[in-house]
Amino acid sequence: VQLQACGGGLVQAGGSLRLSCAASGSFSSINDMRWFRQAPGKQRELVAGITGGGRTNYADSVKGRFTISRDNAKSTVTLQMNSLKPEDTAAYYCNADIVRFAVAVNYWGQGTQVTVSS
């Protein structure tokens with residue numbers, strides 16, 4: 001099982017980016033999916049999460065600017081990031097609880113860099 005993230009890049013403050021992450025491999029279902037980020041010298045932090053039923057939660061710092069969504073048929077999770085700020089600059093990681101043989105295992109995708117210039 002793999003999580004493959006894409007969509008990072010360089011954007012000016014106030015701009016938008018869309019991150020996507022796709023799960024591949026053999027599994028029966030995906031429970032919670034999340035996006036984390038880690039800036040240089042800082043701890044990795046939860047940005048947003050979405051349950052299998054579509055319930056979402058966000059870090060206070062991104063509420064109203066970021067939107068997490070998922071497509072269960074395609075096994076993907078997306079993070080739409082609007083009104084980006086320089087402090088959003090970080091490596092972004094997707095994370096998911098993927099069920100194989102009735103056991104949920106936590107997986108990480110590779111990071112994708114988001115850089116917001118002022």
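Because the structure is predicted, anything quoted here is derived from the model rather than measured. (Residues numbered from 1 in each chain as written. Predicted model: local features only at pLDDT ≥ 70, side-chain atom pairs only at ≥ 80, totals over all residues. Heavy atoms only, no water.)

Caption draft 1: Structural context of the pairing of strand 9 (residues 90-100). Most of strand 9 is tucked away, with 10 of its 11 residues classed as buried. In terms of strand pairing, strand 4 (residues 29-38) meets strand 9 through 8 bridges, oriented antiparallel. Note that in strand 9 the partner of Arg 34 across the bridge is Asn 95. Bridge analysis of strand 9 against strand 11 (residues 112-117) gives 3 bridges, and the strand direction is antiparallel. Note on strand 11: the bridge partner recorded for Ala 91 is Gln 113. Joining the antiparallel neighbours strand 9 and strand 10 (residues 103-108) is a turn of 2 residues, in which Phe 101 adopts a positive phi near 50°. (Buried < 20%, exposed > 50% of the residue type's maximum accessible area, 1.4 Å probe, protein only. Helix = DSSP H or I, 4+ residues; strand = E, 2+ residues; numbered from the N terminus. Pairing = 2+ DSSP bridges.)

Caption draft 2: A look at the sheet that holds strand 3 (residues 17-24). Taken together, the 4 strands give an open sheet; going across it, the order is 1-3-8-7, and neighbouring strands pair in antiparallel fashion. Looking along the sheet, the strands with just one partner apiece sit at the ends: strand 1 (2-6) and strand 7 (66-71). Direction aside, the axes of adjacent strands within the sheet are offset by 15° on average. Here 6 bridges tie strand 3 to strand 8 (residues 76-81), and the two strands are oriented antiparallel to one another. The residue of strand 8 that forms the bridge with Ser 20 is Thr 78. (Axes fitted to C-alpha atoms, helices over the stretch in contact; angles between N-to-C directions.)

Caption draft 3: Local environment of the environment of Thr 51. Structurally, Thr 51 can be placed in the loop between strand 5 (45-50) and strand 6 (56-58). Through-space distance from the C-alpha of Thr 51 to that of Gly 15 is 27 Å; in sequence the pair is 36 residues apart. Sequence-distant contacts of Thr 51, that is, excluding residues within four places in its chain, are made with Asn 31, Asp 32 and Arg 70. (Contact = heavy atoms within 4.5 Å.)

Caption draft 4: Broad picture of the side chain of Arg 37. Mapped onto the elements of the fold, Arg 37 is located in strand 4. Within polar-contact distance, the side chain of Arg 37 engages the side chain of Asp 88 at 2.9 Å. Once residues within four sequence positions are removed from consideration, Arg 37 is found in contact with Gln 43, Arg 44, Glu 45, Val 47, Ser 61, Val 62, Phe 66, Glu 87, Asp 88, Ala 90, Ala 91 and Tyr 92. (Polar contact = N/O pair within 3.5 Å; in protein donor to acceptor, adjacent residues only side chain to side chain.)

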